[in-house]
Amino acid sequence: MLRRQDVGHRVVVRRIVGVSQNRTLYTDALGELVDLTETDLTIATDKGTVRVPLREVHRAKRVPPARRPPAAEVIALELAANDAWPAPTQARLGRWILRAAGNWTGRANSALAVGDPDRPLEAAIDAVAEWYSAHGQQALINAPMPLAAPVNAALDARGWGARPLTLVQTASVATLLGALKERHDLPPVELADSPGDDWLAMVAEHKGTLPAAAARILTGPAEVTFAQVHDADGELLAIGRGAVTGPDRWLGVALVQTAPHARRQGIAQHVLRELTQWGSQHGSSRVYLQVEERNAAAVALYGRVGFTTHHTYLTREAPPA
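### Things to note about the packing of aromatic side chains
Consideration 1: According to the stated counting rule, one finds 5 aromatic pairs in the structure shown.
Consideration 2: For the pair W85 and W104, a centre-to-centre distance of 5.8 Å together with 15° between the ring planes defines the contact as stacked. Of the two residues, W85 is situated in the loop between α1 (71-84) and β6 (89-93) and W104 in the loop between β7 (96-100) and β8 (111-112); the sequence distance between them amounts to 19 residues. The pair W85 / W104 is uniform in exposure class, with both members buried.
Consideration 3: Consider the rings of W199 and F226, whose centres lie 5.1 Å apart with planes at 90°: the pair is edge-to-face. Here F226 lies in strand β13 (residues 224-230) and W199 lies in helix α5 (residues 197-207), a separation of 27 residues in the sequence. In this pair, the class of W199 matches that of F226, namely buried.
Consideration 4: One cation-aromatic arrangement involves R14 over Y26; the distance from NZ or CZ to the ring centre is 5.8 Å.
Consideration 5: Sitting above the plane of the W85 ring, R107 keeps its charged end 4.2 Å from the centroid.

Written out as structure tokens, the structure is:
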């Protein structure tokens with residue numbers, strides 16, 4: 001049977017689905033184990049998320065991972081993503097990066113556990129907890145999978161919780177520009193060097209009140225742009241943000257949001273195409289974004305235009321003191 005330390009790994013589950021002519025019927029599910037509780041397990045398969053009650057599980061085991069990118073490539077992308085979403089307070093623990101930003105977003109307020117923390121793992125976790133305590137914040141650790149599997153196993157043993165699985169998805173600029181057609185029937189996408197008040201207000205609707213640290217994160221990268229689409233009356237319909245960072249010139253796309261009344265018109269893809277075109281003009285050949293696995297609509301949208309999952313990560317939460 002599977003255990004908590006199997007979360008984030010590829011598994012196969014044989015499920016009992018019924019009985020026919022005195023014979024038990026089964027079906028198999030293959031994918032990444034997203035969650036495991038006392039009653040259910042959840043798997044992210046190629047066809048979507050599947051939740052299976054444990055009482056229906058006949059057999060389950062971890063299987064070898066699908067072809068994965070090299071560890072060095074995962075680390076390079078995570079470091080580029082850190083530069084694209086720069087927490088105003090950062091410190092080093094060996095090669096781990098400790099980040100704080102007034103609790104605005106998990107990415108900017110978690111320790112990035114990639115590379116060697118320059119001490120035994122248990123001591124590294126203690127040091128993370130002490131650092132966040134000194135900053136008056138709950139300790140969080142961002143653990144890319146399966147690269148940080150040992151970290152996740154150690155955190156499981158300590159009773160740390162986990163936020164929903166996040167997919168780090170990538171695509172080539174050429175693929176996206178081929179899939180995302182120009183839309184002359186929609187209002188144009190405007191690009192700006194800094195976010196306007198209405199742009200920030202739309203972000204706040206989803207991310208909560210923006211502290212001073214938020215502005216430093218949003219405008220921190222040297223190469224960053226803010227996309228927006230307004231209707232003829234000046235009402236904001238959609239936004240997005242792009243940043244080019246890292247030696248490999250990754251384009252990071254974030255905060256693609258559409259006003260509720262403007263959805264299902266292709267405006268999000270309209271914004272995504274303009275950000276991709278901007279990235280291409282700034283020397284990017286590859287694009288990444290981060291999306292929660294449970295956000296089925298967004299995952300489906302990105303899949304249709306060519307994004308695939310490069311790796312995943314779990315944001316782990318220290319138990320209450």
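On we go.
### What to know about unusual backbone geometry
Consideration 1: In this structure, the amide linkage connecting M145 to the following residue, P146, adopts the cis form with an omega of 0°.
Consideration 2: Among the structural elements, P146 can be located in the loop between β9 (140-145) and α3 (149-157).
Consideration 3: Here the phi dihedral of R249 falls at roughly 60°; this positive angle occurs in a residue that is not glycine.
Consideration 4: By the element assignment, R249 lies in the loop between β14 (236-245) and β15 (250-258).
Consideration 5: Phi is positive for L255, close to 55°, though the residue is something other than glycine.
Consideration 6: Mapped onto the elements of the fold, L255 is located in strand β15.
Consideration 7: On the basis of relative accessibility, which here comes to 10%, the residue L255 falls in the buried class.

### Looking at the pattern of salt bridges
Consideration 1: Counting across every chain of the model gives 11 salt bridges.
Consideration 2: Its salt-bridge partner being R14, residue D28 comes within 2.8 Å of it at the nearest N-O pair. Here D28 is found in strand β2 (residues 23-36), whereas its partner R14 is found in strand β1 (residues 10-20), with 14 residues between them in sequence.
Consideration 3: On the basis of relative accessibility, which here comes to 31%, the residue R14 falls in the partly exposed class.
Consideration 4: Among the charged side chains, a salt-bridge network with shared partners connects E122, D126 and R158.

### Details of the side chain of T105
Consideration 1: Assignment of secondary structure puts T105 in the loop between β7 and β8.
Consideration 2: Looking at T105, the relative accessible area reads 15%, which means it is buried.
Consideration 3: Not counting residues within four places of it along the chain, the set of residues in contact with T105 comprises W85 and K207.

### Describing the pairing of β2
Consideration 1: The pairing of β1 with β2 spans 10 bridges and is antiparallel. Pairing of I16 across the sheet is with Y26, part of β2.
Consideration 2: Linking β1 back to β2 in an antiparallel pair, the connection comprises 2 residues, with Q21 at a positive phi of about 50°.
Consideration 3: Summarising the sheet, β2 and strand β3 (residues 40-45) pair through 4 bridges and their orientation is antiparallel. Its bridge partner lying in β3, E32 is registered against A44.
Consideration 4: What sits between β2 and β3 in their antiparallel hairpin is a turn of 3 residues.

### With respect to the side chain of Q169
Consideration 1: For Q169, the position within the fold is in strand β11 (residues 166-172).
Consideration 2: With a relative accessible area of 4%, Q169 lands in the buried category.
Consideration 3: A distance of 3.1 Å separates the side chain of Q169 from the side chain of T309, its partner in a polar contact.
Consideration 4: In this structure Q169 touches V287, Y288, L289, V291, Y302, F307, T308, T309 and H310, once residues within four positions along its chain are discounted.

Cut-offs used in this document
Residues numbered from 1 in each chain as written. Predicted model: local features only at pLDDT ≥ 70, side-chain atom pairs only at ≥ 80, totals over all residues. Heavy atoms only, no water. Phe/Tyr/Trp six-rings, centres within 6.5 Å; stacked < 30°, edge-to-face > 60°. Helix = DSSP H or I, 4+ residues; strand = E, 2+ residues; numbered from the N terminus. Buried < 20%, exposed > 50% of the residue type's maximum accessible area, 1.4 Å probe, protein only. Lys NZ or Arg CZ within 6 Å of the ring centre and 35° of its normal. Salt bridge = Lys/Arg side-chain N within 4 Å of Asp/Glu carboxyl O. Contact = heavy atoms within 4.5 Å. Pairing = 2+ DSSP bridges. Polar contact = N/O pair within 3.5 Å; in protein donor to acceptor, adjacent residues only side chain to side chain.

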